[in-house]
Each structure stands twice: as C-alpha cells, then as structure tokens.
Amino acid sequence: MGLGLAAGGQASAGGPRVAQGRVVFPVGAGAGTGTESSGGASQVVALPSGGAVLVGGGGRGQRGFYAAELTASGSLDASFGRGGIVRVGVDSPPSRPLEVLRQVDGKLVVVVSGRETTAFSFGQLLVVRLDADGSLDRTFGSQGIATTPLAPACDSCRPAGLAPDGDIFLTGEAGQLSAALGGDPSAAGVWNVVALTRSGGLDQAFGQGGQETIGATDAGGYDLSVLPSGEVMTLGMDNIQSPVSSTAILTLLGPDGGADRRFNGGVPVGLPAGVPAGAMLVRPDGSVVVGGGTGLFDYTASGHADAGFGDGGVAHVGALPEGLELLTGAGGGLLAVGRVAGAPGTVGGLRVSASGRAESSSGGPAQIRFRPHFGGGGSGATGGGSSRVVRGLVQDSFVERAVAARADGSYLAVGGVGVVEGSANGRVRGRSVFEFAAASITPGFTEDAGFGGRPARVGLKLSVPAQSAAGALAARAIRVRLDFSAVGLARVRIKAGGHVIAQGVVGIFGRGPQILGIGLSGYGAHVLAGRRPVVVRATGTGRDLVTAGASVSAPGRLD
C-alpha cells in the first residue's frame, strides 16, 4: 500500500475567505472537472486549545484526503503542515474520511474508506495516523497506514474509538468485503469488531486474532465507543437488507473481546424493530443513549431501559436531524444535532435534559436551528449559448457534515461550500469546486462573533470584447470578459435600449479573466437580428463563498 504526504495544498482564487462566525478555505488545486462536487470537510475533532482539525476530500477518483487545522479564532494554524494544510496521498482510491480522533499525546487517527470493488461499494477501512504537526507517523502500520479486514456498514458510520492505552477499535462489516476480495461468498453480512495495537497491527489479545464477531444475521457495526475502563460499546444493525424487520443492536465487549456480562447479562440489547441505528452517546459510567427514527433510547450501565429517562427509557422527540450526532450537553443532558431536512445549509437539533425532556433552560430553546449563511450555489452552463437563468446570487451552498463540541460549550459545524456548473447538451462540460467550510456557534446557538473576521473586499472587472452581432446570434450568446478575485458566483445582465437581451448566473472557479458566453433571450435574438450596430451595457454582480460582493458595469458594441 503506497502512501505519500504533500504539505500545503495549493490555494485557489483568493485563498481563505472569512466573515463573522464563518470561514472558507481551499485545500486543493482549485476547480474540479466533474459535475459532482467531491471536496469539503467531512469530519472534525476539537482541540484543547479551542481550535480543531478538519479532514475531508477523498471523493470519487481522488487518491488521498486533506487535513487542516484551525485556531480558536478560525485562522489556519501555520504550525500544522505548511500553512495549516496537509494532503495525505493513499494509493487506494477513493479514501474518504469517516472519522478523525485525537490521542492524548496529540496524534491524529484518521479512519478512511479505501479501496472499492465492483462487488462492494463502501470500500475497505484504512487507518492513517498523523503526528500533531500533521506529518505522517511512519511508526504506525506500514509507513503510516494500517489496513483492516473491515468495510464500513454505511456511508455515514462513525466506526472507531480510542482506548485509554492507545489501542484503536473499529467496527463494520467483514463478510461482504471478504467475498468481494475473493473469500467465501456465504460470509456476507458479518458484523465484526477489530482491535489494533498502538503500532497499527492486529491486537492478538482481542477476540480471535484481533477480531470479534457479533452474533447477528446480515449485520454490520455502525458506531463504536471505548469506555474509560477499556470496555467497547458498539451499535449496529441486523437484517440490513430488510428495513422493516431490521433491528438496531447494542452490545458491550470486554477488553479481551468477550461479551461483558455486566451489560444485559452479556446478551446484545435490541431496540424496537424498524428503528435505525442513527447515533449513540456513551457516558463515562457505561450508560448509553441511542438516537434513531423519532426517539432517543436510554439504557443504564447494566443494559436495561432507564425508567427515569423520558417515558420508560424512551424520549419521543419527533423527527431527528439527518446525519445525526449526539453530543454531551449541560447538566448531564445531551444535544441531538445534524442537518435539517428540507432546509439546505441549516444546522438544527434538540436539547434534551438528563431526564429525557426537552430542555430550554441551558443557553437557548429546546428546538434549535442555525444557518451560517454561506455563499456559492448552482450556476448555468456557459460558453456556446447554453447559459440559462438559475436562482440568483442569494444562494447558500453550505452542506453540514459534522459538528464538534468544544470545551467552552460552543460548537464547530464543518462541511463544504462551493459552486456547481452544469453541463449543456454534451457540448459544454460542467465544472465544480467544493471547499472546506466551518462555522462557529455559541452555546446558545447563535453566530460566534469571535470566529472568522471582517470580510475582505473582492474585486470585479467586466468588459464586452469586440464581436459581431451575427456571431453572437449564431452562438445564441454574447461574450463578456469577467475577472472576479474569488471563487463564487456572478450574475451578468446585458441590456440594449434599456431592455435585457441576455442574462445568466455563472460560476467563478479561479483567479484571472474568463471569457464567458451569456445566453440570449428570445427578445435578444430578435434585437440582434435587426439593425446594426447594437449598443449594449453589461452589468455584473459577484458574490464569494462568504457572501462578500461587488458590482460593476461596462459598455459594449456589437457590429
């Protein structure tokens, strides 16, 4: 398994962009070439300093992933990598990060979904370890990377945990991966837990040669947490192929991999049928809350429903957020947080007290929503008369993927923002760019004014190159020369005689002037087919990924 490290991803147009409460920064070489965005941060771990490490990238066709460290105020930490960013190259595309964990010595453990096969789409779980400064820890595994006999059971699983002694535990699915790699096809659907030593090898003292199988049918592990005492709590699903009859299952393993009899007598605990294994929060005392469907299910350290939580151990809270995470809240309570369905760019959740009731006394209302208001979004295809009018510049492309709770009670929501330009009739190839984004949220779920900063001004230049009306009519577009100093969107309108004859929202993917074709309207085609020359005035408005904007206009003439 080859692995390389390149420090300091090359920044694209404008470099990091900041605004009050939010930051955006590029980690790669700039614009993508496909119509699907594949970047952005996917996981985050908070640091004792108040900063955080974000990991992401590793999308379709990419070899490796990116890591970036932010200070508490939202700037890139220059002591990490080169300028705050490192790229880890893994010869096992794609290598999408599923989780990032921080050891007590400051080293970072990144769990990624690696090699895919034609028979199995999620890929093999790989573990990469970085030193605190972002450099590759070549004492771990094979030159910094450890392979496992597991695949993730879902594309949003958080399958890893760290033991106090530095061992790494992972859960997932072993049977289908084994079959895909040429093993026994009948082994599909096997839920395993794997233990790695601090050096990245299988821990032979755990289970059978470093692996333990959970006895369930057509099953896989979704989540895992290690208690301070060394026991391993894992959450998974059985009967995955039959959602109606599938069951979320909790089980506790001892440090040696055997079932811990203190939790339900060593027998796995099944949640009600049909409840998905959304997320879990394991408390230091061994009790655990599982979120799934429309409820939160609380179990004591002995594996029984906690009668003091909600109604007999269940808090019926209604629809939970998508991409659910359960975080520790004030006074022994918790915060269920994630994406709000039907509200793009919005982080939402629910505060729940230790007794399983909606809690509004600790810093804000029980039901919470927060929208950071980033920029970006969709644009029309350009160049060849294919521009089409889409939504205006007031778009928000933010996709939240993970939330970290910080020591001061605030939260950091991370994900990506970007610009997507569609292709047109196979003649104009679409483009996309998706950059790392982070928003800081106060304990009361309001904008954190101490994070980010005042937006820098952006520059916008616009001109109408010499061209013929006949040529523009044939191309069904009027060419403009546009130069915007940051990645973002620009809206261009061209008027003749006070009436709009061409307009479009276009994507800006890199620094420097671009020649863009702004699509004609039906009225515009009529105007260009008539008397010559046609005197026009073009106006442009640009907006970057943190919503800083600029406007400009320029005259032109089509002979």
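To be clear, the structure that these remarks concern was listed above.
Scope of this entry: the structure provided in the associated data block. As the structure is a computational prediction, the values presented were derived from the model and not from experiment.

1. Quick notes on the overall build of the chain
In terms of regular secondary structure, the chain is built from three helices and 38 strands. A total of 559 residues make up the chain; the buried ones form 55% of that total. Within the chain, residue pairs in contact and separated by at least 24 positions form 56% of the contacts whose partners lie at least 6 positions apart.

2. A few points about the nonpolar core
Ranked by internal contacts, the top residues of the largest apolar core, which has 30 residues, are I478, L482, I494, I518, L528 and L558. Here L558 is in contact with Q467, S468, A469, A472, I478, L528, P533, V534 and V536, once residues within four sequence places are set aside. Core analysis: the next-biggest nonpolar cluster, separate from the first, contains 27 residues, L327, F370, A413 and V417 among them.

3. Points about the sheet that holds strand β15 (residues 211-214)
Here four strands make up an open sheet; going across it, the order is β12-β13-β14-β15 and the pairing antiparallel. Only two strands of the sheet have a single partner each, and these edge strands are β12 (160-162) and β15. Across the sheet, the mean angle from the axis of one strand to that of its neighbour is 20 degrees, orientation sign disregarded. Strand direction decides the pairing type here: strand β13 (residues 168-173) and strand β14 (residues 191-196), joined by six bridges, are antiparallel. Among the inter-strand pairings, I168 is bridged to a residue of β14, identified as L196.

4. Observations regarding the packing of aromatic side chains
Here the distance between the centres and the angle between the planes together describe a pair of aromatic rings. Scanning all chains against the criterion turns up four aromatic pairs. Seen in terms of ring centroids, F25 and F436 are 5.6 Å apart; in terms of plane orientation they differ by 50 degrees. Their pairing is tilted. Within this pair, whereas F25 is found in strand β3 (residues 22-25), its partner F436 is found in strand β31 (residues 431-441), the two being separated by 411 residues in sequence. Among the residues examined, F436 registers a relative accessible area of 0% and is labelled buried.

5. Quick look at the environment of G392
Positionally, G392 belongs in the loop between β28 (377-379) and β29 (399-405). Taking the C-alpha atoms as reference points, G392 and R491, 99 residues apart in sequence, are found 7.2 Å from one another. Not counting residues up to four positions away in its chain, the partners in contact with G392 are R491 and V505.

6. Focus on the state of the cysteines
Applying the stated criterion across every chain, the model contains one disulfide. The side chain of C154 participates in a disulfide bridge whose partner is C157; the two sulfur atoms lie 2.1 Å from each other. Between C154 and C157 the sulfur-sulfur dihedral comes to about 130 degrees; the bridge is accordingly right-handed. As far as the burial class goes, C154 and C157 line up, both buried.

7. Let's talk about the sheet that holds strand β35 (residues 499-508)
Read across the sheet, four strands follow the order β35-β34-β37-β38 without closing on themselves; strand pairing throughout is antiparallel. Either end of the sheet is taken by a strand with one partner, and the two such strands are β35 and β38 (549-558). Averaged over all pairs of adjacent strands, the angle between their axes in this sheet comes to 15 degrees, without regard to strand direction. The pairing of strand β37 (residues 534-544) with β38 spans 10 bridges and is classified as antiparallel. Within β38, the position partnered with T539 by the bridge is S553.

8. Considerations on the side chain of R158
One can find R158 in the loop between β11 (145-147) and β12. The exposure class assigned to R158 is buried, which follows from its relative accessible area of 16%.

9. Considering the pairing of strand β5 (residues 52-56)
Counted residue by residue, β5 has five buried out of five residues, so it is predominantly covered. Side chains A52, L54 and G56 project from β5 onto one buried face, and the interleaved V53 and V55 project onto a second face that is buried too. As paired elements, strand β4 (residues 41-46) and β5 share five bridges and run antiparallel to each other. When the bridges of β5 are listed, V45 appears paired with V53. Here β4 folds back onto β5 in antiparallel fashion, the turn holding five residues, of which G50 has a positive phi close to 100 degrees. Looking at chain direction, β5 and strand β6 (residues 65-70) are connected through five bridges and run antiparallel. Within β6, the position partnered with L54 by the bridge is A68.

10. Here's the deal with the pairing of β13
β13 sits mainly inside the fold: six of its six residues count as buried. Every second residue of β13 is oriented toward a common face, with I168, L170 and G172 on one face and F169, T171 and E173 on the other, all of them buried. Bridge analysis of β12 against β13 gives three bridges, and the strand direction is antiparallel. When the sheet's bridge partners are listed, A160 is paired in β13 with L170. With antiparallel pairing between neighbouring strands as the criterion, β12 and β13 make up a hairpin whose turn holds five residues, including G166 at a positive phi of roughly 100 degrees.

Here is what the cut-offs are and how they apply
Residues numbered from 1 in each chain as written. Predicted model: local features only at pLDDT ≥ 70, side-chain atom pairs only at ≥ 80, totals over all residues. Heavy atoms only, no water. Helix = DSSP H or I, 4+ residues; strand = E, 2+ residues; numbered from the N terminus. Buried < 20%, exposed > 50% of the residue type's maximum accessible area, 1.4 Å probe, protein only. Contact = heavy atoms within 4.5 Å. Core = buried A, V, L, I, M, F, W, Y, C linked by side-chain atoms within 4.5 Å. Pairing = 2+ DSSP bridges. Axes fitted to C-alpha atoms, helices over the stretch in contact; angles between N-to-C directions. Phe/Tyr/Trp six-rings, centres within 6.5 Å; stacked < 30°, edge-to-face > 60°. Disulfide = S-S within 2.5 Å.

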